Amino acid sequence: MKSIWSCNMMSSSAIFSPAMKNPSCQRIIRPPTFGDAFDVRLRRHITFAKRVDKPFSLIYSDKYKGPNSVCESTPSKLSTYRILEPGMILLEKYVSIKDQIDIIYECEKWAKSGFFSHCDHQNGAKCKVMNMCFGRNWDPDTGYKERYRSDGSAPPPIPYELVSLVKAAVQDAQAILNELPSMHPDICSVNYYPANGFLHLHQDHDESSDSLRRGLPVVSISIGEFATFLYGDSRIKKKLKRIFLYSGDVLIFGGKSRLIYHGVKQISQYRSPVPLVTEFGLRNDRLSLTFRQF
């Protein structure tokens, strides 16, 4: 990436920067309703068979004007936060448009190189979500046991700009949540959700026993279309809570909430920030980057 992604620390008034300036992220007035298609089964009940996909693009190439065509400097519009549970916080519009474009540009390079793959069910059903990893290789069946990808290649390192961004977000969150531990991300799982994509309810428990015991936080960055995110202390459907994750939002859960059940119920289209679509050519889909310390 050509720029150093900047992120300001939290002020005493508990307001965050950077975030989006102008144009702004469009939000829905009334949340969409959803049916019963989402499966709240745990991942351990599902068997996957990973396959390598052909290169693809996250953007419409005819609209792409380059990574520095929009928002040359990091904007400084104020952002807000929501405390969801002990150790769980949502930093709203935390990531600037400029930084979102840099992140998309980085992921686009690896998508065009064929690093994203589906994790299909062994019964032949196709999983809609595509995945790649930075730092450590991860597989839904074997966790981190396999050092190399299915094509024999090692996962690329996490870009240092992303490491800095994640550590700054955790530090800002710690100013509000005293119980939230620090972390140094050495794992980044990137999920690409098409319009009909979703993610089964699951726990993130493949990391080391020390990481889980200390409650080192999970940090997730959302880019593109917004997602209906479900979470709770159990996988009982009627007890699950719901929030919407918009482009630029950062969700952090650690400490007492480190092993919450969570999943993505659905992706809603045509709500991406305008410049990501009109200037950069991002498809009407969603990217999420989830960071952990092994």
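How each quantity is defined
- Residues numbered from 1 in each chain as written.
- Predicted model: local features only at pLDDT ≥ 70, side-chain atom pairs only at ≥ 80, totals over all residues.
- Heavy atoms only, no water.
- Helix = DSSP H or I, 4+ residues; strand = E, 2+ residues; numbered from the N terminus.
- Expected span 1.5 Å × (residues − 1).
- Buried < 20%, exposed > 50% of the residue type's maximum accessible area, 1.4 Å probe, protein only.
- Contact = heavy atoms within 4.5 Å.
- Pairing = 2+ DSSP bridges.
- Axes fitted to C-alpha atoms, helices over the stretch in contact; angles between N-to-C directions.
- Salt bridge = Lys/Arg side-chain N within 4 Å of Asp/Glu carboxyl O.

Trainee: An account of helix α1 (residues 97-112) is requested, with residue identities and associated values reported.
Mentor: Relative to the 22 Å expected for 16 residues at 1.5 Å per residue, α1 spans 22 Å between its end C-alpha atoms, a close match to the ideal helical length. Across the 16 residues of α1, twelve count as buried, placing the element largely inside the fold. The inward-facing, buried residues of α1 abut β5 (130-134), α2 (160-174), β6 (187-193), β8 (218-224), α4 (274-278) and β13 (286-292). A positive phi of about 85° marks Gly 114, the residue just after α1.

Trainee: I'd love a proper account of the sheet that holds strand β12 (residues 261-268), names of residues and values included.
Mentor: Read across the sheet, four strands follow the order β7-β12-β9-β10 without closing on themselves; strand pairing throughout is antiparallel. The two strands at the open ends of the sheet, each matched to only one other strand, are β7 (199-202) and β10 (241-245). Direction aside, the axes of adjacent strands within the sheet are offset by 25° on average. Sheet topology places β7 next to β12; two bridges connect them, and they run antiparallel. Opposite His 202, over in β12, you have His 262 as the bridge partner.

Trainee: Go over the pattern of salt bridges with me, naming the residues and quoting the values.
Mentor: Following the criterion strictly, the structure yields eight salt bridges and no others. Of the charged contacts, one joins Glu 207 and Arg 258 as a salt bridge, the two residues approaching to 2.7 Å between their closest N and O atoms. Here Glu 207, found in the loop between β7 and α3 (209-214), pairs with Arg 258, found in the loop between β11 (250-253) and β12; they are 51 residues apart in sequence, far enough to count as distant. Exposure class is identical for Glu 207 and Arg 258. Each is buried. Note that Asp 210 is salt-bridged to Arg 213, the shortest N-O span being 2.6 Å. With Asp 210 and Arg 213 both in helix α3 and three residues apart, the pair spans about one turn of that helix. Asp 210 gets classed as partly exposed once you look at its relative accessible area, which sits at 31%.

Trainee: Help me get a handle on α2, residues and values and all.
Mentor: Between the first and last C-alpha of α2 there are 21 Å, a value that for 15 residues agrees with the 21 Å anticipated at 1.5 Å per step. Along α2, the positions that sit buried rather than exposed are Glu 161, Leu 162, Val 163, Leu 165, Val 166, Ala 168, Ala 169, Val 170, Asp 172 and Ala 173. Structurally, α2 contributes buried residues whose contacts are with β3 (88-92), α1, β8, β11 and β13.

Purely geometric numbers; function is a separate question.
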